[in-house]
Amino acid sequence: IVKPSMLGSSIGIKKVSDEKELKHALNLAFKYDEMVIIEQCLTDFREFNCAIFEDLVSDIEEVEVKSNIFTFEDKYQTHKTNHILPANIDEELKNEIIEVTKKTSKSLRNESIARIDYLYDINKERLYFNEINTIPGSYAFYLFDNAGIRFDIMLDMLIKEAILKKTKQKKLLRVFNSSILNKKGLKLNK
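Now for the overall build of the protein chain. Check the secondary structure of the protein chain and you find five helices and seven strands. Its helices and strands in sequence order give the protein chain the pattern β-α-β-β-β-α-β-α-β-β-α-α, from N to C terminus. For 190 residues, the compact-globule estimate of 2.2 N^0.38 gives 16 Å, and the C-alpha radius of gyration of the protein chain, at 21 Å, exceeds that figure by more than 25%. Once the C-alpha set of the protein chain is aligned to its principal axes, its extents read approximately 65 × 50 × 30 Å. Expressed as a percentage of the 190 residues in the protein chain, the buried residues total 31%. For the protein chain, contacts bridging at least 24 residues in sequence account for 56% of all contacts bridging at least 6. When the accessible surface of the protein chain is totalled, it reaches about 13500 Å², and 53% of it is carbon and sulfur. Between the averaged position of the 30 positive side-chain charges in the protein chain and that of its 30 negative side-chain charges there is a distance of 13 Å.

This is the structure in structure tokens:
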């Protein structure tokens, strides 16, 4: 699978099986981004989504896709996908997805809502992090329904969070005065 690194909605993604297809896919992907990801194509897999907002982890959703790639058309035009919420998975996989979601959010210093997409290789019984979707790409509000967080409540929480963050940022020092360059014999124009 060849895909642009920072683009969402499956835009610019191609499955390749030979060198000619690879060149075409790379040319396409580089039209959308300066960095491209090449990854192994899974043939027998399940796709899951899990969102996190602050310390609250959502229900896990399974997205049943009819093709090997969940295309832009599948997502927004044909609607030929099936969303199972909550996903019908065993407790071990559920806990793994929740823990990876928490660790990923923390390691990326996520400060708002993020939906993390996973691929699960059925044959190898292995979970793969696929991508993280942040605002404005995904509010993932529907994944928090069982937690009692409706969309309007989520918006209120986001606004309060933004105000709090801005207030904290205003308290941080943004200037540090030093004459260290002058001591090294460098002259600064004034």
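Mean pLDDT over the protein chain works out to 87, with 93% of the residues at or above the 70 mark. Within the protein chain, the element-level pLDDT minimum falls on helix H5 (residues 180-183), averaging 68, and the maximum on helix H3 (residues 91-107), averaging 96.

Conventions and cut-offs
Residues numbered from 1 in each chain as written. Predicted model: local features only at pLDDT ≥ 70, side-chain atom pairs only at ≥ 80, totals over all residues. Heavy atoms only, no water. Helix = DSSP H or I, 4+ residues; strand = E, 2+ residues; numbered from the N terminus. Rg over C-alpha atoms; globule rule 2.2 N^0.38 Å. Buried < 20%, exposed > 50% of the residue type's maximum accessible area, 1.4 Å probe, protein only. Contact = heavy atoms within 4.5 Å. Areas by Shrake-Rupley, 256 points an atom, 1.4 Å probe, with all protein chains shown as cover. Lys, Arg positive; Asp, Glu negative; His and termini not counted. Charge placed at Lys NZ, Arg CZ, Asp CG, Glu CD. pLDDT = per-residue confidence, 0-100.

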